[in-house]
Amino acid sequence: MKVGIVGAGMVGSSAGYALALMGLASEIVLIDRNEALAIAQAEDIAHAVPFMSSTVVNAGQYRDLEGAGVVILAAGVSQKPGETRLELLERNAAVFRAVLAEVLPVVPDAILLIASNPVDIMTQITTRLSGIDPRRVIGSGTILDTARFRSLVGRHLGISPQSVHAYVLGEHGDSEVLAWTSARAGSVPLSSFAAQVGSPLTADVRAQIDDGVRNAAYKIINGKGSTYYGIGAGLARIVKAIARDQRDVLSVSISTPEVAGVSDVALSIPRVVGAEGVLTDLFPDFDDEEYAALNRSASLLKERADAIPL
Ligand SMILES: NC(=O)C1=CN([C@@H]2O[C@H](COP(=O)(O)OP(=O)(O)OC[C@H]3O[C@@H](n4cnc5c(N)ncnc54)[C@H](O)[C@@H]3O)[C@@H](O)[C@H]2O)C=CC1
Ligand SMILES: CC(=O)C(=O)O
């Protein structure tokens, strides 16, 4: 599958690098308004290819997206230290209006994979502006938060994060919801697993994990300016599900008719992802607190998305 990437900065190039190493794309085209950057990133990534795969990596113009099955949208501004994702909304909405006007005429049938923040609202805006089937306009949503959650729980329990089946729901941002009630390690409920291995999930431990997930981006941005390796791998993981029609359950964001009592909102819940995009939405078991938190997250996202003029 050919994959286009618009925005060849830290996130776009990391996604391209992960895709190239994993050999998930036959061809990658990197596009950026800074053409010199796109050319340099493509060349650098292409030099990694001979070690791992045979992906052809080029920089290009919008017309070079023709034939792409997936286009990753990672253009726009990123957070400065202390800035929230929501504070990027107006600036990145303007970037997306310009980018979509170029992308849609060339690849009207591609699946659009949104990374730019605030990713849920950018997904909602893209769905409305493009008129594409919402199941083919996919925000990376909480795929990264879910990875952070699994990593911290895995470390606490002394097991691989891949054996932790737990999701972060709602906004990819401050109002996100760690779904403890439905979480499993192997097939065992998390609290039972934790007790069996002598590492109980006390309120303190849960609070530390919650903080580690919710505030990871702020801490990394303070330390190195931006985050990109995690989301680069997360975007490649979503492309894998699409390119190979894997029907993987991933926490991604699409515009959804109703979540936790809120209508027409883009946010993350676990969803089945395959060649046609999102195939099925899944609603895990919640306790009352989780349901209320998801309702708050959904309400906030809907209010902000509905206030953006198209
Ligand atoms: N969804 C997620 O989990 C994550 C999302 N992000 C978001 O990804 C976005 C990109 O972040 P970075 O790559 O770190 O930023 P960056 O500044 O390194 O790259 C952004 C690129 O977009 C390009 N660009 C801006 N306007 C454009 C336009 N109109 N047309 C074409 N290209 C344009 C810039 O030239 C720049 O190269 C940000 O919004 C950031 O918040 C970052 C990390 C995780
Ligand atoms: C920046 C961002 O959205 C993240 O690392 O979660």
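Residues numbered from 1 in each chain as written. Chains lettered and ligands numbered in written order. Predicted model: local features only at pLDDT ≥ 70, side-chain atom pairs only at ≥ 80, totals over all residues. Heavy atoms only, no water.

A.B. asks: Requested: an account of unusual backbone geometry, with residues and values cited.
C.D. replies: In this chain, N117 is followed by P118 through a cis amide linkage whose omega measures -5°. Position of P118 relative to the elements: it lies in the loop between strand 5 (111-114) and helix 5 (119-130). At A260, a position not held by glycine, the phi torsion is positive, near 50°. Looking at where A260 falls in the secondary structure, it is placed in the loop between strand 12 (248-259) and strand 13 (262-274). Given a relative accessible area of 8%, A260 falls into the buried group. (Helix = DSSP H or I, 4+ residues; strand = E, 2+ residues; numbered from the N terminus. Buried < 20%, exposed > 50% of the residue type's maximum accessible area, 1.4 Å probe, protein only.)

A.B. asks: Summarise the pattern of salt bridges; cite the residues concerned and give the values.
C.D. replies: In this structure the tally under the stated criterion is 11 salt bridges. Between R271 and D281 there is a salt bridge, and its shortest N-O distance comes to 2.8 Å. Taken together, the positions of R271 in strand 13 and D281 in strand 14 (residues 277-281) put the pair 10 residues apart, joining distant regions of the chain. Grouping residues by exposure puts R271 and D281 together as buried. One continuous salt-bridge network, built from bridges that share partners, spans R128, D264, K302 and D306. (Salt bridge = Lys/Arg side-chain N within 4 Å of Asp/Glu carboxyl O.)

A.B. asks: Help me get a handle on the packing of aromatic side chains, residues and values and all.
C.D. replies: Counted under the stated rule, the structure contains three aromatic pairs. Relative to W180, the ring of F149 lies with its centre 5.0 Å away and its plane at 85°, an arrangement referred to as edge-to-face. On the criterion of sequence distance, the pair formed by F149 in helix 6 (residues 143-157) and W180 in the loop between strand 9 (177-178) and strand 10 (184-185) is long-range, its members being 31 residues apart. Among the residues examined, W180 registers a relative accessible area of 14% and is labelled buried. Aromatic side chains Y228 and Y229 sit 4.9 Å apart centroid to centroid with 65° between the ring planes, which places their arrangement in the edge-to-face category. The ring of Y167 has R150 lying over it, and the distance from NZ or CZ to the ring centre is 4.7 Å. Its end group placed over the ring of W180, R206 keeps NZ or CZ at 4.8 Å from the ring centre. (Phe/Tyr/Trp six-rings, centres within 6.5 Å; stacked < 30°, edge-to-face > 60°. Lys NZ or Arg CZ within 6 Å of the ring centre and 35° of its normal.)

A.B. asks: Quick rundown of the domain arrangement of the chain? Include the residues and the values.
C.D. replies: Along its sequence, the chain is organised into domain 1 (1-137) and domain 2 (141-305). A straight line from the C-alpha centre of domain 1 to that of domain 2 covers 22 Å. In this assembly, 37 residues from domain 1 lie in contact with 46 residues from domain 2. With both chains or domains summed, domain 1 and domain 2 bury close to 3400 Å², and 62% of this area falls on carbon and sulfur atoms. (Domains from an automatic or database assignment. Contact = heavy atoms within 4.5 Å. Buried area = accessible area lost by both parts, 1.4 Å probe.)

A.B. asks: Tell me about the site of ligand 1, residues and numbers included.
C.D. replies: In the vicinity of ligand 1 lie 25 residues, with V11, D32, V77, A115 and N117 positioned nearest. R33 is positioned with one of its backbone polar atoms (N or O) 3.3 Å from a nitrogen atom of ligand 1. A distance of 3.4 Å separates an oxygen atom of ligand 1 from a polar atom in the side chain of N92. For ligand 1, whose accessible area on its own is 860 Å², the fraction buried by protein is 87%. The greatest single-element share of the shell around ligand 1, amounting to three residues, is contributed by helix 4 (residues 89-106). Its residues assigned to classes, the shell around ligand 1 shows 13 nonpolar, 10 polar and two charged. The two domains that each donate at least three residues to the shell around ligand 1 are domain 1 (1-137) and domain 2 (141-305). (Near = heavy atom within 4 Å. Polar contact = N/O pair within 3.5 Å; in protein donor to acceptor, adjacent residues only side chain to side chain. Areas by Shrake-Rupley, 256 points an atom, 1.4 Å probe, with all protein chains shown as cover. Nonpolar A, V, L, I, M, F, W, Y, C, P; charged D, E, K, R; others polar.)

A.B. asks: Got a sec to walk through helix 6? Specific residues and values, please.
C.D. replies: Over its 15 residues, helix 6 runs 21 Å from end to end, which matches the ideal 21 Å to within 8%, given 1.5 Å per residue. When we look at burial in helix 6, the residues that qualify are I143, L144, D145, T146, R148, F149, R150, V153, G154 and L157. Backbone geometry just downstream of helix 6 places G158 in the positive-phi region, at approximately 75°. (Expected span 1.5 Å × (residues − 1).)

A.B. asks: An account of the nonpolar core is needed here, citing residue identities and associated values.
C.D. replies: One finds V6, V71, L73, V103, L112, I114 and L267 to be the most contacted residues of the largest nonpolar core, which totals 42 residues. When we break this core down by domain, the ones giving at least three residues each are domain 1 (1-137) and domain 2 (141-305). Aside from chain neighbours lying at most four places away, what touches V6 is I31, Y62, L65, V71, I72, L73, A74, A75, V99 and V103. One finds V3, A18, L30 and L144 within the second-largest nonpolar core, a separate group that totals 37 residues. (Core = buried A, V, L, I, M, F, W, Y, C linked by side-chain atoms within 4.5 Å.)

A.B. asks: Break down the sheet that holds strand 10 for me, citing the residues and quoting the values.
C.D. replies: One open sheet accounts for three strands, arranged 7-10-11; its pairing is antiparallel. The open sheet is flanked by strand 7 (164-165) and strand 11 (188-189), the only strands paired with a single partner. Sheet topology note: the strand 7/strand 10 ladder contains two bridges and is antiparallel. Counterpart to V164 in the pairing with strand 10 is A185. (Pairing = 2+ DSSP bridges.)

A.B. asks: Give a description of the site of ligand 2 that names residues and reports values.
C.D. replies: Taken together, Q79, R85, N117, L144, R148, H172, A217 and T227 make up the full set of residues near ligand 2. At 2.7 Å from an oxygen atom of ligand 2 is found a side-chain nitrogen or oxygen belonging to R85. Within the side chain of T227, a nitrogen or oxygen atom sits 2.6 Å from an oxygen atom of ligand 2. Relative to its unbound accessible surface of 210 Å², ligand 2 loses 91% to contact with the protein. Across the shell around ligand 2, the residue classes break down as two nonpolar, four polar and two charged. Residues lining the shell around ligand 2 come from more than one domain, with at least three contributed by each of domain 1 (1-137) and domain 2 (141-305).

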